[in-house]
Amino acid sequence: MKLFLEYRNLSRNNHILFFGRMMTALGSMVFSMLTLILSQKLGMDATTIAMVMFLYGLCNVPLALTGGKLADRFSRKKIIVLCDLCSIVACFYTAMVPLSYVSLVVFALGTLLQSMEWSSYTALIADLTPSDQREQAYSLNYLGTNLGMILSPTLAGILFQNHLPVMFVLQGTAIGISTLLIWLFLDESQTYENDNVYEQAQESVSFWQVIKENRLVIFFVVLLALYFAVYNQYQYLLPLDMGSIHGEHGALIFGTVSSINCFTVVVCTPILTKLFSKWMDIRKVALGSMTVTAGYLMYLITRSFVPGYYLVMIVFTWGEILQSISMDSYVTRRVPSSHTGRIVALESVTQSIFMGVFQVAVGWIYDLSGAVPTWAVVIGTGVITTVLLAVLAGMDRKTYPQLYVDKLQAK
């Protein structure tokens, strides 16, 4: 419990965002079962599911860019509330009508509109947190997400076969509670002065000029998108493969494995945050990529051995934690605060494109050649990503020397 006390020095606003994120995640059951809904409820094959998800990601591109632009111009709190309301309406509509392609399109539209808030959320945490507490703040936000998701996937596995509409009702209700918390209690006026030379606002500088002057950040955005293309197989290839191996029991098995993921996050996030507090953010992202890839390799070795899945998920989750607590900190410390929303939006767009293309390729390989060659491609891509992140870490030290001086002084 002493490890959790490291978050006590964060502001009230950070803890409100933490509780808001926890409530939203508590109801995120539909997302954890989306692949199985499309495959077992609507009868889609792997390639078709991949194409649907690619189309979803493609639709996210203009919305993410719009969300980033809005985040740098208007109230970030109001953007979050309005986007959440769209998702709530879509959830309750989908729960009230029979499951069909039309109802899922409405649900997808609601989640797409909600995704516009991501840039505001990331930038808002940076606004409300001093630079030296930034990783703690993102760590707490990530912890809140997974506290809410501990029971969510297992409950989704139980409801999946006979009570699917209940999943949509619970998701809408949870997002509603989160929205109410943020609207009533978050004070976005309590911002901190940016004490980092790389973060100073530059209102008169164009977005393209910022990109040109921070090319390593763009390199990081591309590598992060490649990482997420690999990581995303946790929500696509893994449940698809488990459903293929274990049939109707696949949903429940995947749900319990996902709950182990969330439980491990809750237990290990404060531990890993403290253990690696002296590491620079980019090194933690590289280590996280390596560990996630190692988790997939362990799954391939233990494939069809159910008890082995839980050990695999623990190792996989360690990598997920290291990456998650560091990626937003990396970007917000290296770009002007006046452009944070648009840079985060660029991240989201790049990730959507990479994940969509990679997922279509994975689905095609899975249908054509089976599971083992598909997992080999995923693992190989993970290895390449890790090596490139390690190279970036070396370049980063030369490009942003003051960050490393500050880190040494903090020690």
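Computed from a predicted model, the values in this text were never measured in an experiment.

Caption draft 1: Representation of the pattern of salt bridges in the model. Taken as a whole, this structure holds 1 salt bridge when the rule is applied. Residue arginine 303 is joined to aspartate 241 by a salt bridge in which the shortest nitrogen-to-oxygen separation is 2.8 Å. Here the residue arginine 303 occupies a position in the loop between α15 (281-302) and α16 (306-332), and aspartate 241 occupies one in helix α13 (residues 237-246), the gap between them amounting to 62 residues. Taking relative accessible area as the criterion, aspartate 241 reaches 0% and is therefore assigned buried.

Caption draft 2: Spotlight on the environment of leucine 17. Examined against the element boundaries, leucine 17 turns out to sit in helix α1 (residues 12-26). On the accessibility criterion, leucine 17 (2% relative accessible area) is buried. With near-sequence residues (within four places) excluded, leucine 17 lies in contact with Tyr121, Leu124, Ile125, Leu128, Asn141, Ile182 and Leu186.

Caption draft 3: Here's a closer look at the packing of aromatic side chains. Under the definition given, this model contains 14 aromatic pairs. Geometrically, the ring pair formed by tyrosine 231 and tyrosine 234 is tilted, given 6.1 Å between the ring centres and 50° between the ring planes. By relative accessible area, which is 4% here, tyrosine 234 ends up buried. Linked through ring pairs, Tyr227, Phe228, Tyr231, Tyr234, Tyr296, Tyr299, Tyr309, Phe316 and Trp375 together constitute an aromatic cluster. It is lysine 77 that lies over the ring of tryptophan 183; its NZ or CZ is 5.5 Å from the centre. In this arrangement the basic side chain of arginine 283 is found over the ring face of tryptophan 279, its NZ or CZ atom lying 4.0 Å from the centre.

Caption draft 4: Representation of the confidence of the model for the protein chain in the model. Counting all residues, the mean pLDDT for the protein chain is 81, and 91% of those residues have values of 70 or more. The lowest-confidence element of the protein chain is helix α19 (residues 401-410), averaging 62 in pLDDT; the highest-confidence one is α15, averaging 91.

Caption draft 5: Here's a closer look at empty space enclosed by the protein. Following the criterion strictly, the structure yields 4 cavities of 30 Å³ or more and no others. Estimated volume of the largest cavity: approximately 70 Å³. Contributing to the lining of the largest cavity are Leu238, Met242, Val257, Gly295, Tyr296, Tyr299, Tyr309, Val312, Met313 and Phe316. Residue assignment for the lining of the largest cavity shows that the elements contributing at least two residues are α13, α15 and α16. The element contributing the most residues to the lining of the largest cavity is α16, with 4 residues. Classifying every residue of the lining of the largest cavity by side-chain character gives 9 nonpolar, 1 polar and no charged.

Caption draft 6: Layout of the nonpolar core. Counting 71 residues, the largest nonpolar core has Met33, Phe220, Tyr236 and Tyr296 as its most contacted members. In this view, methionine 33 contacts Pro153, Ala156, Gly157, Phe160, Met167, Ala251, Phe254 and Gly255; residues no more than four positions away in its chain are not counted. Among the nonpolar cores identified, the runner-up in size contains 19 residues, and Tyr7, Ala137, Leu186 and Val266 belong to it.

Caption draft 7: Representation of the state of the cysteines. Following the criterion strictly, the structure yields 0 disulfides and no others. Of all cysteine sulfurs, the one in cysteine 86 lies closest to cysteine 59, which takes part in no disulfide; the gap is 15 Å. Given the relative accessible area of 36%, cysteine 59 is considered partly exposed. Looking at cysteine 91, it has no disulfide partner, and the nearest cysteine sulfur is the one in cysteine 86, 11 Å off. The buried category is assigned to cysteine 91, whose relative accessible area is 0%.

Caption draft 8: Here's a closer look at the side chain of threonine 386. Among the structural elements, threonine 386 can be located in helix α18 (residues 371-399). Residue classification places threonine 386 among the buried residues on the basis of a relative accessible area of 14%. At 2.9 Å, the side chain of threonine 386 forms a polar contact with the side chain of serine 289. In this structure threonine 386 touches Ala286, Ser289, Met290 and Thr293, once residues within four positions along its chain are discounted.

The rules behind each value
Every chain is numbered independently, its residues counted from 1 as its sequence is written. In keeping with the model being predicted, local features are shown solely for residues with a pLDDT of at least 70 and side-chain atom pairs are shown and tallied solely at 80 or more, while totals for entire chains, interfaces and linings include all residues. Note that water and hydrogens are dropped before the side-chain values are worked out from all heavy atoms of the structure. Just to be clear on terms, a salt bridge is a Lys or Arg side-chain nitrogen sitting within 4 Å of an Asp or Glu carboxyl oxygen. Strands are runs of DSSP state E lasting at least two residues, helices are runs of H or I lasting at least four, and both sets are numbered from the N terminus onward. Only protein chains enter the accessibility calculation, which uses a 1.4 Å probe. A residue is then buried if its area is under 20% of the maximum for its type, exposed if over 50%, and partly exposed in between. Working rule for contacts: check all heavy atoms of both residues, and any pair within 4.5 Å makes them a contact. For this analysis, a ring pair means two rings from Phe, Tyr or Trp (six-membered ring only for Trp) whose centres lie within 6.5 Å, classed as stacked if their planes differ by under 30 degrees, edge-to-face if by over 60, and tilted for the remaining angles. Definition used: whenever NZ (Lys) or CZ (Arg) falls within 6 Å of the ring centre and also within 35 degrees of the ring normal, the charge is taken to sit over that ring. For every residue, the predictor assigns a confidence score, pLDDT, that lies between 0 and 100. Using a grid of 1 Å spacing that covers the protein atoms alone, one calls a set of points a cavity when a 1.4 Å probe fits there but cannot get out, and a pocket when the set is open and has protein on both sides within 12 Å along at least five of seven lines; lining residues are those with an atom within 4 Å of a point. Grid points are joined across faces, edges and corners, and a volume is the space filled by probe spheres set on the points. Gly falls in the polar group here, along with every residue not listed as nonpolar (Ala, Val, Leu, Ile, Met, Phe, Trp, Tyr, Cys, Pro) or charged (Asp, Glu, Lys, Arg). Note on terminology: a nonpolar core comprises buried Ala, Val, Leu, Ile, Met, Phe, Trp, Tyr and Cys residues joined through side-chain atoms within 4.5 Å. In this description, a disulfide is simply a cysteine sulfur pair whose atoms lie within 2.5 Å. Polar contact criterion, stated in full: a pair of N or O atoms within 3.5 Å, where within protein one must be able to donate a hydrogen and the other to accept it, and residues adjacent in sequence count only if both atoms are side-chain atoms.

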